[in-house]
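Breakdown of the fold
Letter by letter, the chains look like this.
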Amino acid sequence: NGNWWKLFLKHRKLIRPSIVINVLKFLTCRTTFLGYHIFSCLKCGRSIKVPHSCKSRFCSPCGKKATDNWIKNKFNTLPKTKWQHITFSIDERLWPFFWHNRFVMNKILAIAADIIKTLSAKKDFLPGIFVAIHTFGRDLKRNPHIHLSTTVGGLRISDRHNSWVHSAFFYHAVLKAKWKYAIISLLLNEFKQGNLQLPNNLKHIKSIQSFYSWLQISYRKTWVVHLQKPSSNMKQNVEYLGKYLKRPPIGETRIKNYDGKFVTYQFLDHYTNTTQHLKLPVLDFIARLISHVPDKHFRNIRYYGFLANRTSSKHLSVVYKLLNMAHVSLSKVSILWKDLIKKTF
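These numbers were taken from a predicted model, which means no experiment stands behind them. (Residues numbered from 1 in each chain as written. Predicted model: local features only at pLDDT ≥ 70, side-chain atom pairs only at ≥ 80, totals over all residues. Heavy atoms only, no water.)

1. A word on the overall build of the protein
Here is the rule: For the purposes of this entry, the term helix denotes a DSSP run of H or I that reaches at least four residues, the term strand denotes a run of E that reaches at least two, and both are numbered from the N terminus. Note on classification: 1.4 Å probe, protein chains only; a residue is buried when its accessible area is under 20% of the maximum for its type, exposed when over 50%, partly exposed between these limits. Between two residues, a contact is recorded if the distance between any of their heavy atoms is within 4.5 Å. Per-residue and other accessible areas follow the Shrake-Rupley method at a 1.4 Å probe size, with only the shown protein chains counted as cover for residues. Positive: Lys, Arg. Negative: Asp, Glu. His and the chain ends are not part of the count. Taken as the charge centre is NZ of Lys, CZ of Arg, CG of Asp or CD of Glu, depending on the residue.
In terms of regular secondary structure, the protein is built from 11 helices and 13 strands. Along the first, second and third principal axes, the C-alpha set of the protein runs to 70 × 60 × 40 Å. Looking at the protein as a whole, 47% of its 345 residues qualify as buried. Sequence-distant contacts, at least 24 apart, represent 69% of the contacts inside the protein between residues at least 6 apart. When the accessible area of the protein is evaluated, it comes to approximately 19,800 Å², of which 56% is carbon and sulfur surface. In the protein, 57 positive and 15 negative side-chain charges are present, and the distance between their average locations comes to 4 Å.

Here it is in structure tokens:
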């Protein structure tokens, strides 16, 4: 109904170029505008056009395909050992800083990984870690948080990575304390250097002492860091994480009604564990949705420890040998659309 164009004309100065690019891709997905293949039957002469997809991370069907590709590749290459999934959340008073200062999002993935690497080094091993940032909650509110998966064990450091530490334990209280301290310190240091843009309600803060006092309120609060139980079920681990790491903010099945003026969508309220419905004016829904489009070249998923891109080729061969994983293929595979359609229908 032209609602994207209405929103763009109203707020064009606030809309990032990456949002425009991804929305235009999304709107032209599966149309002949992006090109198409023609499939013809040699016997009857009938032919059909199959338009190309947009491959945008914002697009629900293309996001599903990206998820399935990631799951298939990672199931083949990730070490078959115990993994633990950890979610790092941030006090909601600090959420606006990440929208006014998007460069800060680029730093918190490494902070979460460094906490695990530091604790692991004290136990004499180098873990394999991959991390993803989520900027949205289940109701599409702006809620930046980190999903991290780590091997519960790793390459023994004192043995120059030639043996494997099979089990380790991360203390919940220690993780929470280190995470909270690191995020508060990051914001404080960026403010000291003059890099931090404050939200409108904090424009009155001018001195480092005033900002430090304001941050102390968040520091005294309890931050949620959720540790799942370690699991050796590799298929379940990868499928669970794939849904978290690669999917767009909302799947089309969650949109329950659109009457031209309002959009109604459902979400699971994780406090009550019940399904809720939220009805928003269509422009508000689009605005809420597009705020989660990442900037161009921003990598939502990053790898650390023995999975780090710089050293993974050297470390993974040792890991496979120590874990008796023979004949692992590191070449990437891609699932075809026709195979996905056959599998689903």
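2. Here's the deal with the environment of Lys180
As for its position among the elements, Lys180 is in helix H6 (residues 172-192). When its relative accessible area of 14% is taken as the criterion, Lys180 is described as buried. Taking C-alpha positions, Lys180 is 8.8 Å from Asp91, a pair spaced 89 residues apart along the chain. Apart from residues no more than four positions distant in its own chain, Lys180 is found in contact with Ser218, Tyr219, Lys221 and Trp223.

3. Overview of the packing of aromatic side chains
Test applied: Ring geometry is summarised as follows: Phe, Tyr and Trp rings, the Trp one being its six-membered ring, pair when their centres sit within 6.5 Å, and such pairs are stacked at plane angles under 30 degrees, edge-to-face over 60 and tilted between the two.
Inspection of every chain in the model, using the stated rule, returns 14 aromatic pairs. Ring centres of Phe169 and Tyr171 lie 5.0 Å apart, and the angle between their planes is 80°; on these two criteria the pair is classed as edge-to-face. We note that Phe169, like Tyr171, is exposed. Plain terms: the ring middles of Phe211 and Trp214 are 6.4 Å apart, the flat faces sit at 5° to each other, and that makes the pair stacked. Here Phe211 and its partner Trp214 are both found in helix H7 (residues 208-219), 3 residues apart, which amounts to about one turn of the helix.

4. Comments concerning the nonpolar core
The following threshold applies: Take the buried residues of types Ala, Val, Leu, Ile, Met, Phe, Trp, Tyr and Cys, join any two whose side-chain atoms come within 4.5 Å, and each joined set is a nonpolar core.
Formed by 47 residues in total, the largest nonpolar core has its most connected members in Leu94, Ile108, Ile146, Trp179 and Phe211. Only strand E3 (83-88), helix H4 (95-100), helix H5 (105-122), strand E5 (128-136), strand E6 (142-151), H6 and H7 provide two or more residues apiece to this core. Ranked by residue count, the leading element in this core is H5, at 9 residues. Not counting the four nearest positions on each side in its chain, Trp179 is found in contact with Phe88, Ser89, Ile90, Ile108, Ile111, Ala112, Ile115, Ile146, Trp223 and Val225. In this structure, Ile71, Ala132, Leu241 and Tyr320 belong to the second largest nonpolar core, which totals 21 residues.

5. Section: the sheet that holds strand E10 (residues 255-258)
Note: strands within a sheet are paired through backbone hydrogen bonds, in either parallel or antiparallel orientation. The following threshold applies: By this definition, two strands are paired if DSSP reports at least two bridges between them. Think of each axis as a best-fit line through the C-alpha atoms, taken over the contacting stretch in the case of a helix, with angles from 0 to 180 degrees between the N-to-C directions.
Judged by pairing direction, the sheet is antiparallel, and its 3 strands sit side by side in the order E10-E11-E12 without closing on themselves. Lying at the two open borders of the sheet, with one neighbouring strand each, are E10 and strand E12 (274-281). Going from strand to strand, the sheet's axes swing by 20° on average, the running direction of each strand aside. Set on the sheet, helix H9 (residues 282-290) makes contact with E10, strand E11 (262-269) and E12; between it and E12 the angle comes to about 115°.

6. What to know about the pattern of salt bridges
Put simply, the rule reads: What makes a salt bridge here is a side-chain nitrogen of Lys or Arg within 4 Å of a carboxyl oxygen of Asp or Glu, nothing more.
In the structure shown here, the tally under the stated rule is 6 salt bridges. The salt bridge involving Asp295 is made with Arg16; its shortest N-O contact spans 2.5 Å. With Asp295 in the loop between H9 and strand E13 (301-305) and Arg16 in the loop between helix H1 (3-11) and helix H2 (17-28), the pair connects residues that are 279 residues apart, well separated along the chain.

7. Topic: unusual backbone geometry
Within the chain, Lys55 stands out as a residue other than glycine whose phi angle is a positive 65°. Mapped onto the secondary structure, Lys55 falls in the loop between strand E2 (47-51) and helix H3 (60-77). Of the residues examined, Lys55 reaches a relative accessible area of 66% and is grouped as exposed. The phi torsion at His161 lies on the positive side, around 65°, for a residue other than glycine. Using a relative accessible area of 23% as the deciding quantity, one classes His161 as partly exposed.

Function-wise, these values are silent; they only describe arrangement.
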